[in-house]
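Residues per chain are reported as follows:
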Amino acid sequence: MKALRNLLLAGLILSGTNLLHAATVDSLEVASKAMNRTYKAAVVLPDAYAQNKAFYPVLYLLHGGSGHFSDWLSLPPNKNVVKELADRYKLIVVMPEGEEFGWYMDSPTDPGSRFETHIIREVIPAVDAAYRTVATKKGRVITGLSMGGHGAMYLATRNPDMFSAVGTMSGAMDMDYTKFLINPEFTQSLKDRFEALLGTSDPDSEIFRANSVMHMTDQIKANGLPVLIDCGYGDFLIGVNRELHNRLLYNGTPHTYIERPGGHTWDYWENALPYHVLFFHKVLLANGVTVE
C-alpha cells in the first residue's frame, strides 16, 4: 500500500512538472499596412525555448474557410495537440489570421482582403523580429486545413524563397467549387462568396485559374519543395485532392500523397497533424536547423 502511495505521489509530481514545463502560447499583434488594421496570430513556443538561447524553426499552420487564427488551439478534440508537437519536435508554431473566406490571397476587388501580403510581408517579418527563429527558408514550413490547405500550397508555390516544405490537409486544391461534393445550398454560398472575393463566380474565368493551385503544377515542380498532400477518402474534397495528385504524377513532381479513412472533421485533422510535423521534421533535420 505504501509503495502504491509513493507511485501515485511520483505520478502527481511528474504531472505537475509537465504542467510547469510545457509549451506556452503567445498572442502576437501584427499591424497590417496592407489592410489598415491589426490582426492577431497565435504563437506556440516549445518548453525548450525558455531553457536555452537556440534559434528555432517555425511551422506556419493555417485555419479553414469558416475559421480564425485560434482554431487549432480550441477546436481539436485534444486541445493540446499543437503544444505537444511543438514540445516534441522543438519548433515554434505560428497560427496567423486568414479571416473567413480570405483564401490567403490578395483579392483583386476587396482592398480589405490582402492575406498573401499580410502573411508573407507582415506576419513572417513580425515573428522573426519577436522570437528567436531560423529566419530563412531553411527554417520555415507551412501547412493548413481545407481553405488553409490550399492557402499553404498557394503561398509556398508563389513564394518558394520563404519556405522549405509544404503540406495540405483536406485542402480545397481547386478553387472551382463546382467540383466539390456538396449540396446546392453550400454551392450557392460558395458562389456568392467567390463573387465578393474575386469579382466573379465563374470558375472558368482567368482569375479563378490564375489563383487555383490546381493550375500551378508546373510551378510546383519547378520549385522543387517537398510536398505532402493528405485527405480522407470520405471528404467532400477528395476528388480535387486526387486530381492534384494525378497531375503531379503526370508531370513528374515528387510528392507524398496520403489518403486515409475520414472526413472533413477535426478528428481527421488532429490525427493528420503529427504526420505533417514528422514530415517537416525530416526536412528541417536535413536542413540542419533542428534544435537538439
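Our subject in this report is the structure included herewith. (Residues numbered from 1 in each chain as written. Predicted model: local features only at pLDDT ≥ 70, side-chain atom pairs only at ≥ 80, totals over all residues. Heavy atoms only, no water.)

## Thoughts on the environment of Val81
Move 1: For Val81, the location among the structural elements is in helix H3 (residues 81-89).
Move 2: A relative accessible area of 5% places Val81 in the buried class.
Move 3: Residues Val81 and Asp128, spaced 47 residues apart in sequence, show a C-alpha to C-alpha distance of 24 Å.
Move 4: Not counting the four nearest positions on each side in its chain, Val81 is found in contact with Pro76 and Glu270. (Helix = DSSP H or I, 4+ residues; strand = E, 2+ residues; numbered from the N terminus. Buried < 20%, exposed > 50% of the residue type's maximum accessible area, 1.4 Å probe, protein only. Contact = heavy atoms within 4.5 Å.)

## Section: helix H4 (residues 115-130)
Move 1: Of all bends in H4, the biggest is about 30 degrees, found at Val123, and the proline Pro125 comes one to four residues later.
Move 2: For H4, the set of buried residues is Phe115, Glu116, Thr117, His118, Ile119, Ile120, Glu122, Val123, Ile124, Val127 and Asp128. (Bend = angle between axes of the 7 residues up to and from the residue.)

## Considerations on the pairing of strand S7 (residues 227-232)
Move 1: Of all 6 residues making up S7, 6 are buried, and the element is well covered by its neighbours.
Move 2: Residue alternation in S7 divides its side chains into two sets, Val227, Ile229 and Cys231 and Leu228, Asp230 and Gly232, and both sets are buried.
Move 3: Relative to strand S8 (residues 256-260), S7 is paired through 5 bridges, and the arrangement is parallel. Across the sheet, Ile229 pairs through a bridge with Tyr257, a residue of S8. (Pairing = 2+ DSSP bridges.)

## With respect to the sheet that holds strand S1 (residues 24-32)
Move 1: Strand order in the open sheet formed by 8 strands is S1-S2-S4-S3-S5-S6-S7-S8, and the pairing between neighbours is mixed. Only two strands of the sheet have a single neighbouring strand rather than two, namely S1 and S8. On average, each strand axis in the sheet is tilted by 20 degrees relative to the strand beside it, whichever way the strands run.
Move 2: With respect to the sheet, helix H10 (residues 266-287) is in contact with strand S3 (58-62), strand S5 (140-144), strand S6 (165-169), S7 and S8, its orientation differing from that of S6 by roughly 170 degrees. (Axes fitted to C-alpha atoms, helices over the stretch in contact; angles between N-to-C directions.)

## A short note on helix H5 (residues 147-158)
Move 1: With 12 residues, H5 should reach 16 Å at 1.5 Å per residue; the first-to-last C-alpha distance of 16 Å fits that figure.
Move 2: Of all 12 residues in H5, 11 are buried, a share of seventy percent or more.
Move 3: Of all the residues in H5, the buried ones are Met147, Gly148, Gly149, His150, Gly151, Ala152, Met153, Tyr154, Leu155, Ala156 and Thr157. (Expected span 1.5 Å × (residues − 1).)

## Looking at unusual backbone geometry
Move 1: Of note in this structure, Lys90 is not a glycine but carries a positive phi near 55 degrees.
Move 2: Its location among the elements puts Lys90 in the loop between H3 and strand S4 (92-95).
Move 3: Unusually for a residue other than glycine, Tyr104 sits at a positive phi of about 55 degrees.
Move 4: Within the secondary structure, Tyr104 is located in the loop between S4 and H4.

## Description of the packing of H3 against H10
Move 1: At a closest axis distance of 11 Å, the pairing of H3 and H10 adopts a crossing angle of 20 degrees. Our classification of the angle between H3 and H10 gives roughly parallel. Note that H3 runs across H10; the crossing there is right-handed. Every residue of H10 that contacts H3 at Val81, Val82, Leu85 and Tyr89 is listed here: Glu270, Leu273, Pro274, Val277, Leu278 and His281.
Move 2: Class assignment of the residues belonging to the contact of H3 with H10 gives a composition of 8 nonpolar, 1 polar and 1 charged. (Parallel < 35°, antiparallel > 145°, perpendicular 65-115°, else oblique. Left-handed = near helix turned anticlockwise from the far one by under 90°. Nonpolar A, V, L, I, M, F, W, Y, C, P; charged D, E, K, R; others polar.)

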